[in-house]
Amino acid sequence: MALEKDKNGENQVGRRAVLEKIASAVFASLVAPAVLSETAEAATEQEQPLPQLPELPPPQPNEDLLIRMMRDLQRALKKPMEQRRWVMVIDLRKCVGCNACTIACIAENKLPPSVVYRPVLQEEFGKYPNVSKRFLPRPCMHCDNPPCTPVCPVKATWKRPDGIVVIDYEACIGCRYCITACPYGARSFDFGDYYTEDTPEIAPIEKAPSFEYHEAWERKGHESPIGNARKCHFCLHRIERGLLPQCVTTCIGRATYFGDANDPESLVSELISKPNVMRLKEELGAEPKVYYLI
Amino acid sequence: MKAKAIACCETPKMWLWVGLWAIAFSIGSIGVMQRFLFGHKLAAYGNYVTWGLYVGVYIYFIGLSAGAFMLSSLVYVFGIKKFERIGPIALTVALITLLAALLTIWFDLGHMERFYFVFTRPNFRSMMAWMVWLYTGYSLLLTSELWLALRVTEVAQVLRPVPMLLPQFQFLWRPVLALAVLLFFSVVVPLVWMNRQTVLALQPPFTITMWRDWVIMSGFFVIGLSIFLSVRKLEIQSALRVLGTLGVPLAIAFHGGVGALFATVAARPYWHSPIYPIFFLTGALVSGGALLTAIVAFLYPMPEEERNELTVLMGRMVAGLLLFDLMLEWSEFSVHLWYGFGETVESLKLILFGPFWWVFWIVHLLIGSLIPLVLILGSRKPKVIGLGSLLIATAFIAVRLNFVIPGLATPQIKGLEEAFIGPRFRLDYVPSLHEWQVVLFVVALSVGLFFVSCKMLHKFQPHQVGWRGTA
């Protein structure tokens with residue numbers, strides 16, 4: 001399916017060429033459909049016609065959870081936006097702290113050194129010989145009652161009807177009030193730094209466009225997203241093309257799940273109905289939509 | 001005395017000061033150029049301590065402005081005769097420090113060119129949007145009040161070279177200027193504010209709602225401006241009283257609001273305390289009052305006897321306010337630290353015993369509080385009181401920095417600072433040389449503006465014009 005789409009999209013060679021440089025062959029098959037579709041629209045709340053979604057094999061018992069989640073995703077996309085409720089579930093018992101999600105997110109969104117959407121926190125318990133570690137990936141919580149959006153003086157960040165908290169890069173003035181207001185430290189500021197700064201040449205990969213919010217963002221000069229607050233958006237540009245967020249796809253332990261909590265048949269609905277579920281800093285009342293299984 | 005003040009500008013000593021100022025201004029200008037060229041790259045703040053020196057300096061300056069303004073209300077609202085002489089200089093200081101504050105926070109924005117978005121697409125749930133709108137009201141009011149305080153006719157003398165370019169049309173320039181201002185505020189501003197895109201594209205539809213809004217808004221501006229322009233016919237004294245009276249709640253609102261801007265952030269336990277709006281207001285009065293006292297003691301031309309009396313009075317007032325401020329601080333610190341539990345303990349320990357302990361103990365408590373209190377309460381000499389006040393006013397930056405930075409320098413989630421490593425993901429923050437340079441620029445610019453304004457104030461002979469002067 002992805003290959004067919006590739007052929008259809010040959011008029012957009014520029015983007016594909018860039019992508020070929022930056023993505024490995026394995027990831028390209030997943031990334032390409034997202035990129036080659038219509039990309040001009042900003043992160044608006046207007047309902048857009050459903051794009052052609054990746055074709056999935058028929059359901060089988062014991063199929064890979066990724067396939068099941070993609071099926072959940074496609075079902076959700078067929079509903080109106082306000083009836084979806086995207087949530088993420090992270091199983092802390094399965095997370096091995098490999099940081100694949102952190103890195104995949106950086107690669108997907110071309111994040112500079114000053115920005116991270118999904119770091120993995122480590123905590124060590126006990127004393128030798130009884131020592132253990134716990135790993136806690138921390139994406140944006142996409143709170144139902146987000147503390148970061150009402151503080152924005154210019155309405156540049158808001159919660160969409162499907163619950164995803166987004167930033168309008170073209171409107172953000174870079175005051176960083178939202179960064180101070182997030183109780184999870186989930187927002188970063190793009191300072192305009194590059195990993196390969198102070199080397200003979202800034203690596204082309206760092207200047208390659210990211211496709212956040214369905215637009216091609218090239219980091220150059222003082223242009224957005226440089227000088228903006230940035231944060232995890234649950235890979236909005238991927239999920240609206242029927243693909244799972246990059247951190248979910250790349251999790252080697254299948255410890256991260258994503259889907260529509262309003263759909264009783266979805267995997268995430270099953271998982272968050274269990275008693276071993278918790279959310280970070282529940283006492284603040286922000287109602288985060290990232291659940292942890294402990 | 002006045003002659004002496006002007007004469008001292010021509011001494012070699014004065015040239016030394018001018019030279020120092022020029023050096024400071026040049027070094028600062030390099031920083032500003034770097035700011036425009038490289039954005040935020042040279043700044044040392046990051047994602048955790050995301051507000052640094054700029055924000056600290058901004059609330060310091062805005063505090064000076066609010067404090068100076070509120071003291072001017074003693075003259076223009078409450079009519080306390082003893083302070084009559086400091087009225088215009090208090091307003092001048094308030095205006096210059098307001099400009100300095102806004103300039104500093106402008107440099108802090110990620111997209112400086114988008115600052116006007118706060119007017120075109122405001123979010124009135126945000127304390128920051130309220131701040132900007134209140135500042136705008138305050139700066140308009142302050143300019144009007146200063147204009148009136150110096151009397152319209154005298155200011156017109158300064159502007160005379162402009163119409164003199166075309167002397168035969170001299171009679172026209174005032175009505176034309178008034179009309180231009182009127183048109184701008186009644187037509188351009190409301191239209192642009194209502195619907196920038198439609199107006200700029202000059203495209204219909206102009207809906208009925210839009211016309212209605214436009215009539216309401218332009219009506220508001222026309223009536224407001226007419227009142228302002230007709231003020232010349234009234235007694236300046238009562239006009240100043242009206243403006244000053246409006247200004248006091250405005251100053252309380254915006255500076256209390258600066259405290260609230262931080263205090264409303266529930267994610268930062270150290271800031272999230274209802275004491276801060278009040279603490280900020282007290283701090284404004286202390287620092288603004290101290291700065292004015294120092295100016296009266298050292299710079300402002302007036303008879304020696306009067307200076308003595310005024311500095312003692314102002315000094316006592318500042319000392320009293322400082323003691324009240326310290327009491328609030330004690331309340332805040334002791335309540336949180338008494339049993340050593342709670343989320344704020346970490347931030348407070350950072351202030352008292354962290355790597356920058358000396359900012360609190362030495363700069364704030366010793367140099368900024370104890371020594372000045374001894375100097376002010378123990379002497380009646382204007383120079384000594386002036387020195388004490390100057391120490392309070394300058395060391396107050398320590399209070400501001402110790403508020404902004406420690407509130408951010410504790411991790412939001414335990415271990416977050418070690419989860420992703422990089423220079424922008426650190427909890428320790430020391431302002432970079434570049435940041436100091438930018439601040440030096442703002443300080444040098446303000447000092448320069450202040451001295452230029454002083455020269456102009458001399459021209460207007462404030463002690464003769466006074467607030468009781470008539471139009």
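The paragraphs below set out a description of the structure included in this document. If you're wondering where the values come from, they're calculated on a predicted model, not measured in any experiment.

Examining the pattern of salt bridges
Now for step 1: Taken as a whole and assessed by the stated rule, the structure comprises 27 salt bridges over all chains.
Now for step 2: Among the salt bridges present, the one from D428 of chain B reaches R426 of chain B, with a minimum N-O distance of 2.7 Å.
Now for step 3: By relative accessible area, D428 of chain B is classed as partly exposed at 48%.
Now for step 4: The exposure class of R426 of chain B is partly exposed, given its relative accessible area of 43%.
Now for step 5: One connected set of salt bridges, linked through shared partners, spans R85, D144, K159 and K289 of chain A.

Some remarks on the packing of aromatic side chains
Now for step 1: Within this structure, the stated rule accounts for 41 aromatic pairs over all chains.
Now for step 2: Considering the side-chain rings of W86 of chain A and F258 of chain A, the 5.3 Å spacing of their centres and the 20° angle between planes classify their relative orientation as stacked. Of this pair, W86 of chain A sits in strand β1 (residues 86-91) while F258 of chain A sits in strand β8 (residues 256-260); the two residues are 172 residues apart in sequence, bridging distant segments of the chain.
Now for step 3: Residue classification places F258 of chain A among the buried residues on the basis of a relative accessible area of 0%.
Now for step 4: Geometrically, the ring pair formed by F420 of chain B and F425 of chain B is edge-to-face, given 5.0 Å between the ring centres and 75° between the ring planes.
Now for step 5: Here F425 of chain B falls in the buried class, since its relative accessible area comes to 3%.

Topic: a nonpolar patch on the surface
Residue and element names in this part refer to chain B.
Now for step 1: On the surface, F353, F356, W357, W358, W361, I362, L366, I367, L370, I371, V374 and V430 cluster together to form a nonpolar patch covering roughly 1,100 Å² of accessible area.
Now for step 2: Among the elements that line the nonpolar patch, the one with the most residues is helix α16 (residues 357-378), at nine residues.
Now for step 3: Assignment of secondary structure puts I367 in helix α16.
Now for step 4: The partly exposed category is assigned to I367, whose relative accessible area is 31%.

Examining the nonpolar core
Now for step 1: Among the nonpolar cores identified, the biggest contains 199 residues, and W51, I89 and F262 of chain B are the most heavily contacted of them.
Now for step 2: Sort the elements by how many residues they give to this core and helix α3 (residues 53-76) of chain B lands first, with 18 residues.
Now for step 3: Here W51 of chain B is in contact with C175, R176, Y177 and T180 of chain A together with D108, M128, L261, F262, W271, V404, I405 and L408 of chain B, once residues within four sequence places are set aside.

Observations regarding the sheet that holds strand β9 (residues 277-278) of chain A
All names here are of chain A.
Now for step 1: Ordered by their spatial adjacency, four strands build an open sheet running β8-β1-β10-β9, and the pairing between neighbours is mixed. At either margin of the open sheet sits one strand with a lone partner, and together these are β8 and β9.
Now for step 2: Here helix α4 (residues 65-77) sits on the sheet and contacts β1 and β8; the angle it forms with β8, its principal contact strand, is near 25°.

Quick look at the interface of chain B and chain A
Now for step 1: Between chain B and chain A, the contact holds 42 residues from the first and 52 residues from the second.
Now for step 2: Linking chain B to chain A there are four salt bridges.
Now for step 3: With its nearest N and O atoms 3.5 Å apart, the salt bridge here joins E170 of chain A to R114 of chain B.
Now for step 4: Between the two partners, chain B and chain A, sit 30 residue pairs in polar contact (both at pLDDT 80 or more).
Now for step 5: If you list the elements that add at least two residues to the side of chain B that touches chain A, you get α2 (12-38), α5 (117-120), α6 (127-149) and α18 (416-419) of chain B.
Now for step 6: Of the residues belonging to the side of chain B that touches chain A, the class tally is 22 nonpolar, twelve polar and eight charged.

So, how was this worked out
- Residues numbered from 1 in each chain as written.
- Chains lettered and ligands numbered in written order.
- Predicted model: local features only at pLDDT ≥ 70, side-chain atom pairs only at ≥ 80, totals over all residues.
- Heavy atoms only, no water.
- Salt bridge = Lys/Arg side-chain N within 4 Å of Asp/Glu carboxyl O.
- Buried < 20%, exposed > 50% of the residue type's maximum accessible area, 1.4 Å probe, protein only.
- Phe/Tyr/Trp six-rings, centres within 6.5 Å; stacked < 30°, edge-to-face > 60°.
- Helix = DSSP H or I, 4+ residues; strand = E, 2+ residues; numbered from the N terminus.
- Patch = residues over 30% accessible without salt bridge, like charges linked within 9 Å, V, L, I, M, F, W, Y side chains within 5 Å.
- Areas by Shrake-Rupley, 256 points an atom, 1.4 Å probe, with all protein chains shown as cover.
- Core = buried A, V, L, I, M, F, W, Y, C linked by side-chain atoms within 4.5 Å.
- Contact = heavy atoms within 4.5 Å.
- Pairing = 2+ DSSP bridges.
- Axes fitted to C-alpha atoms, helices over the stretch in contact; angles between N-to-C directions.
- Polar contact = N/O pair within 3.5 Å; in protein donor to acceptor, adjacent residues only side chain to side chain.
- Nonpolar A, V, L, I, M, F, W, Y, C, P; charged D, E, K, R; others polar.

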